[in-house]
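# What the coordinates show
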Amino acid sequence: MTTLDFSAYKRDGKKISMITCYDSTFAKIIDQTDIDTILIGDSCSMVMHGESTTIPAKIEWMAEHTRSVRNGTSKFIVADMPFLTTRKGIDYATDCAGKLLQAGANAVKIEGVFGQEEVLRHLVMSGIPVMAHLGLTPQFYQAFGGHKMQGKTEQAAAKIMEEAKLAEEVGCFSMVLECIPHDLATKITQASGIATIGIGAGVNCDGQVLVLQDMLGMSGFKPKFVKQYLQGLDLIKNAMNQYAHEVSESVFPGEAN
Ligand code: KIV
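Residues numbered from 1 in each chain as written. Predicted model: local features only at pLDDT ≥ 70, side-chain atom pairs only at ≥ 80, totals over all residues. Heavy atoms only, no water.

## Side note on helix H6 (residues 117-125)
Listing the buried residues of H6 in full gives Val119, Leu120 and Leu123. Seen end-on, H6 carries its buried residues on one side only, within an arc spanning 95°. Where the residues of H6 are buried, they touch helix H5 (90-102), strand E4 (107-111) and strand E5 (130-135). At the exit of H6 stands Gly127, carrying a positive phi of roughly 90°. (Buried < 20%, exposed > 50% of the residue type's maximum accessible area, 1.4 Å probe, protein only. Helix = DSSP H or I, 4+ residues; strand = E, 2+ residues; numbered from the N terminus. Arc of directions from axis to C-beta. Contact = heavy atoms within 4.5 Å.)

## Digging into the packing of helix H8 (residues 154-169) against helix H9 (residues 182-191)
Running from N to C, H8 and H9 point in directions that differ by 25°, and their axes come no closer than 10 Å. As judged from the angle between their axes, H8 and H9 are roughly parallel. H9 is crossed by H8, and the crossing has right-handed handedness. Contact residues: Ala157, Ile160, Met161 and Ala164 in H8; Leu184, Lys187, Ile188 and Ala191 in H9. Grouping the constituent residues of the contact of H8 with H9 by class yields 7 nonpolar, no polar and 1 charged. (Axes fitted to C-alpha atoms, helices over the stretch in contact; angles between N-to-C directions. Parallel < 35°, antiparallel > 145°, perpendicular 65-115°, else oblique. Left-handed = near helix turned anticlockwise from the far one by under 90°. Nonpolar A, V, L, I, M, F, W, Y, C, P; charged D, E, K, R; others polar.)

Below you can see the structure in the form of structure tokens.
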């Protein structure tokens, strides 16, 4: 997969599957699957660092997770630009995005377009592919008054529609649409020349993204838009309990071990 394939998939009506990943163990597993592309999300803040929001994510974390994932896969990797890294001027944003590409990312993802059009244009012109992220952008959760669905009123929907057009204009190669009404996501997808990747935005987006630990049922986080494809928590706990039991019963290590 390359940046060009996102548009090619859209043109050919082929859906794009994206999944988050933060470490090389899972990257090696994903590498052996049909998943199209990987996101090193700033959700690593919650999933890997135990924080309650994405705000604490730092560029150093993102670069380390990116390196770790790159060491396990040759798939196309998008890495998140963490909180405020695109709001401190072009030079700082370029340094941060450069760190992610040097760590092995193929592209960066940036929340919001309004107010940072020049930064986005500069990154694109510098050879750094940018995926936009619109709708419920978790880095704005304080401003939104919580992690709430966005674009519910006509006015709010029109604003997201306008931001989606701007994302394409400034040169983004695709965009994530998070937690917006499905008909709005459909309209954006139909109107846009770049691929939309949805999460909580309905089936008509050009692709879908889920957090790995959520879809494997490992995180205990199950909003309506998450589908658990595995009961990971139960499976892992059972295996660990079996190990603990076998140690206490002197069953493990056996002859073969
Ligand atoms: O950080 C993340 O995992 C994300 C996805 C939920 C889109 O941005």
